[in-house]
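# Structural features, examined
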Amino acid sequence: MTINYYLLTMGDLIVGPGSQPATQTQTQMATDPITGELTTTTIDVPLPLPSGCIPCTQAQAETWQSLELVNGVLQPIPTASLVATAQAIQAAQLTTDCKSAITGGFVSSALGSPHTYPSTTIDQHNLAASVIASLLPNLPSGWTTPFWAMNNVGTWSFMPHTAAQIQQVGLDGKAWVVSCQEKLAGLNAQIAAAQTVAAVQAVTWS
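Read on for an overview of the structure. (Residues numbered from 1 in each chain as written. Predicted model: local features only at pLDDT ≥ 70, side-chain atom pairs only at ≥ 80, totals over all residues. Heavy atoms only, no water.)

## Let's talk about the sheet that holds strand β5 (residues 53-56)
Filter applied, for reference: Strand pairing is assigned whenever DSSP detects at least two bridges linking the two strands. Only DSSP runs of H or I covering at least 4 residues are called helices, and only runs of E covering at least 2 are called strands; the numbering of each starts at the N terminus. Only the stretch in contact is used when fitting a helix axis, every axis being a line fitted to C-alpha atoms; angles between N-to-C directions are given from 0 to 180 degrees.
Taken in spatial order, the 3 strands line up as β2-β1-β5 in an open sheet, and their pairing is antiparallel. Lying at the two open borders of the sheet, with one neighbouring strand each, are β2 (13-21) and β5. Taken pair by pair, the neighbouring strands of this sheet meet at an average axis angle of 30°, ignoring direction. Examined bridge by bridge, strand β1 (residues 3-10) and β5 share 4 bridges and lie antiparallel to one another. Across the sheet, residue Tyr 5 finds its bridge partner in β5, namely Cys 56.

Have a look at this one:
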């Protein structure tokens, strides 16, 4: 069966590929003028392409994302444009991954052993407020502030922290944020230096 390939378009924008049989078999019935017998014949009728599309080859349908429509003619998108688009997409994904890492929690040994601390935006605000409170003058003897922490067996507790301990948690949280930002900057530099789409897409957070 012959297949016709085409690309769906919206104005000058290619939105996706498609395919369909080139013809459709139709049955025609007629009465023989001499014998009066009813006869049937089959013919192949060309199928029109859907509206809003342009014909293409199978290879073009398979690589449609690397093509553009210029004055109604399919042309390969310049490599520089493909790389620039891939860079923008990958940079946006890395920014999302960085935000997820920053807000996904961090580890601090302020309590004497490693504990995981929450770091959503609200958690960061609460931690900053706790650190500020620990720096106020004339704190009562034995002052502590509670903060959520998870031990090495996965149990979360609202645990008391001394001023020195909560300040260390704050320092460790800040260090985690900075490390994520430095990692993002390094990955973005790799993206900027990449010269092919494959090289750009190979730069990932993990």
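## Topic: the pairing of strand β11 (residues 156-162)
Relative to β11, strand β10 (residues 144-150) runs antiparallel, the two sharing 7 bridges. Counted as the bridge partner of Ala 149 is Ser 157 from β11. Counting the residues in the hairpin turn of β10 and β11 gives 5 residues, including Gly 154, whose phi is positive at 90°.

## Thoughts on unusual backbone geometry
In plain terms, the rule: Whether a residue is buried, partly exposed or exposed follows from its accessible area with a 1.4 Å probe, protein chains only, as a fraction of its type maximum: under 20%, in between, or over 50%, in that order.
Of note in the backbone geometry, Asn 71 takes a positive phi value of approximately 55° without being a glycine. Among the secondary structure elements, Asn 71 is positioned in the loop between β6 (67-70) and β7 (73-76). In this structure Asn 71 comes out as exposed when scored by relative accessible area, which is 76%. Despite not being glycine, Asn 138 shows a phi value in the positive range, around 60°. Note that Asn 138 resides in the loop between α3 (121-134) and β10.

## Section: the nonpolar core
This is how the line gets drawn: We define the nonpolar core as a collection of buried residues of types Ala, Val, Leu, Ile, Met, Phe, Trp, Tyr and Cys that are connected through side-chain atoms lying within 4.5 Å of one another. We call two residues in contact when some of their heavy atoms are within 4.5 Å.
Membership of the largest hydrophobic core comes to 15 residues, with the highest contact counts inside it found for Leu 94, Cys 98, Cys 180, Val 200 and Trp 205. Those elements that provide at least two residues to this core are α2 (79-102) and α4 (163-193). With 6 residues, α2 is the largest single contributor of residues to this core. Excluding residues that lie within four positions of it along the chain, Leu 94 makes contacts with Leu 184, Leu 187, Asn 188, Ile 191, Val 203, Thr 204 and Trp 205.

## As for α2
How we decide: Helices are assigned an expected span. That span is 1.5 Å times one less than the residue count.
Here α2 spans 34 Å end to end across 24 residues, near enough to the 34 Å set by a 1.5 Å rise per residue. Those residues of α2 not exposed but buried are Val 83, Ala 86, Gln 90, Leu 94, Cys 98, Ala 101 and Ile 102. Those residues of α2 that are buried are in contact with α3, α4 and α5 (197-201).

## A closer look at a nonpolar patch on the surface
Selection rule: Residues enter a patch when their relative accessible area is above 30% and they make no salt bridge; the linking distance is 9 Å between like charges and 5 Å between nonpolar side chains (Val, Leu, Ile, Met, Phe, Trp, Tyr). The Shrake-Rupley method, run with a 1.4 Å probe sphere, supplies the accessible areas, and residue values consider only the shown protein chains as cover. Just to be clear on terms, a salt bridge is a Lys or Arg side-chain nitrogen sitting within 4 Å of an Asp or Glu carboxyl oxygen.
A cluster of nonpolar residues, Leu 8, Met 10, Leu 13 and Val 15, forms a patch on the protein surface that exposes about 360 Å² of accessible area. Looking at the nonpolar patch, the elements with two or more residues in it are β1 and β2. Summarising the element assignment, Leu 13 is placed in strand β2.

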